[in-house]
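# Structural features, examined
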Amino acid sequence: LNKQERHQFYTCAVQFPQEVKLFCLMIYFTGARISEIATLQVSSIDFSNKTVIIQTLKRRKKGIYRQVPLPDFLLDDLKSYITTRGTHNRYDQNRLWFFSTRTASRHIKAVMDMAGLKGHKATARGLRHSFAVQAVMSVPVTQVQIWLGHAYLQTTSIYVRVSDMEERELAEKLWVEG
């Protein structure tokens, strides 16, 4: 997704019910994998440090976590959601979402459809990739590596290869008026 398509996704996501909206915005603002966001616990949100602690699920080794900063308004919305949502039973009080990863994927698709986005990029993975491309345009690639949970900088460096509008935005940062 390019910058405009990301904005379309965001604009549509905020119109959905709170749980779906927050789920979509967590992927939008963290670049995490859908399964990583779907398995978040209430305790994963660190309100004092204004971050979410995400367990990296793609590595063979378990127990690898990363912290990704969250915007203040999203933290406020998450706090409100957590205090008003209730629980489905006594065993799931620490669950953040009460739907499966498959249902989460359907929610992402519904928002993409509303935004008029189609094809392979209209997925949670497309959101992750667009987050990474936008991030490397403003943030050191080593920080993006940490946020995405990549073991190797070489993996993150694929997002440095941009084209079209993103390439132009990078070039414009270098141009100085005469």
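Use the structure listed above.
This text gives an overview of the structure that appears in the document. Keep in mind the model is a prediction, meaning the values are calculated, not measured. Chains are numbered independently. Their residues run from 1 in the order of the written sequence. Local features in this predicted model are restricted to residues of pLDDT 70 or higher, and side-chain atom pairs are both shown and tallied only at a pLDDT of 80 or more, whereas totals for entire chains, interfaces and linings draw on every residue. Values shown for side chains rest on all heavy atoms present in the structure; no hydrogens or waters enter the calculation.

### Concerning the sheet that holds strand 1 (residues 45-46)
Strands belonging to one sheet form pairs held by backbone hydrogen bonds; the direction of such a pair is parallel or antiparallel. For two strands to pair, DSSP has to find at least two bridges joining them. Runs of H or I in DSSP of at least four residues are treated as helices and runs of E of at least two as strands, each being numbered from the N terminus. Ordered by their spatial adjacency, three strands build an open sheet running 1-2-3, and the pairing between neighbours is antiparallel. Of all the strands in the sheet, the pair left with one neighbour each is strand 1 and strand 3 (65-69). The pairing of strand 2 (residues 51-55) with strand 3 spans five bridges and is classified as antiparallel. Considered in strand 3, the bridge of Ile 54 is made with Arg 66.

### Some points on helix 1 (residues 3-13)
Turning to helix 1, its buried residues number three or more, namely Glu 5, Arg 6, Phe 9, Cys 12 and Ala 13. Angularly, the buried residues of helix 1 cover 130° about the axis, an arc narrow enough to put them on a single face. Note on definitions: a residue-residue contact is assigned when non-hydrogen atoms from the two residues lie within 4.5 Å. On its buried side, helix 1 packs onto helix 2 (18-30), helix 5 (101-114) and helix 6 (124-136). N or O atoms closer than or at 3.5 Å make up a polar contact, with two conditions inside protein: a donor-capable atom paired with an acceptor-capable one, and, for residues adjacent in sequence, both atoms drawn from side chains. Here helix 1 starts with a cap whose side-chain oxygen sits 3.0 Å from the backbone nitrogen of Gln 4, and that cap is Asn 2. Under the scheme applied here, a residue whose accessible area is under 20% of the maximum for its type counts as buried, over 50% as exposed, and between as partly exposed, the area being computed with a 1.4 Å probe on protein chains only. What the arc measures is the spread of directions leading from the helix axis to the C-beta atoms.

### Focus: the packing of helix 2 against helix 5
In this description, a line fitted to the C-alpha atoms serves as the axis of each element, helices being fitted only across the stretch in contact, and the angle between N-to-C directions of two axes falls anywhere from 0 to 180 degrees. It is at 10 Å that the axes of helix 2 and helix 5 come closest, and there the two elements cross at 85°. With respect to their mutual orientation, helix 2 and helix 5 come out roughly perpendicular. Across the interface between the two elements, Val 20, Phe 23, Cys 24 and Ile 27 of helix 2 pack against Ala 104, His 107, Ile 108 and Val 111 of helix 5. Its residues assigned to classes, the contact of helix 2 with helix 5 shows seven nonpolar, one polar and no charged. For this classification, under 35 degrees means roughly parallel, over 145 means roughly antiparallel, 65 to 115 means roughly perpendicular, and everything else is oblique. The residue classification treats Ala, Val, Leu, Ile, Met, Phe, Trp, Tyr, Cys and Pro as nonpolar and Asp, Glu, Lys and Arg as charged. All others, Gly included, are polar.

### Notes on the packing of helix 1 against helix 5
With their axes 8 Å apart at the nearest point, helix 1 and helix 5 run at an angle of 110° to one another. Our classification of the angle between helix 1 and helix 5 gives roughly perpendicular. Taken as a pair, helix 1 and helix 5 cross one another with a handedness that is right-handed. For the pair helix 1 and helix 5, the contacting residues are Phe 9, Cys 12 and Ala 13 in the first and Ile 108, Val 111, Met 112 and Met 114 in the second. Note: crossing handedness is left-handed where the near helix turns anticlockwise from the far helix by less than a right angle, and right-handed where it turns clockwise.

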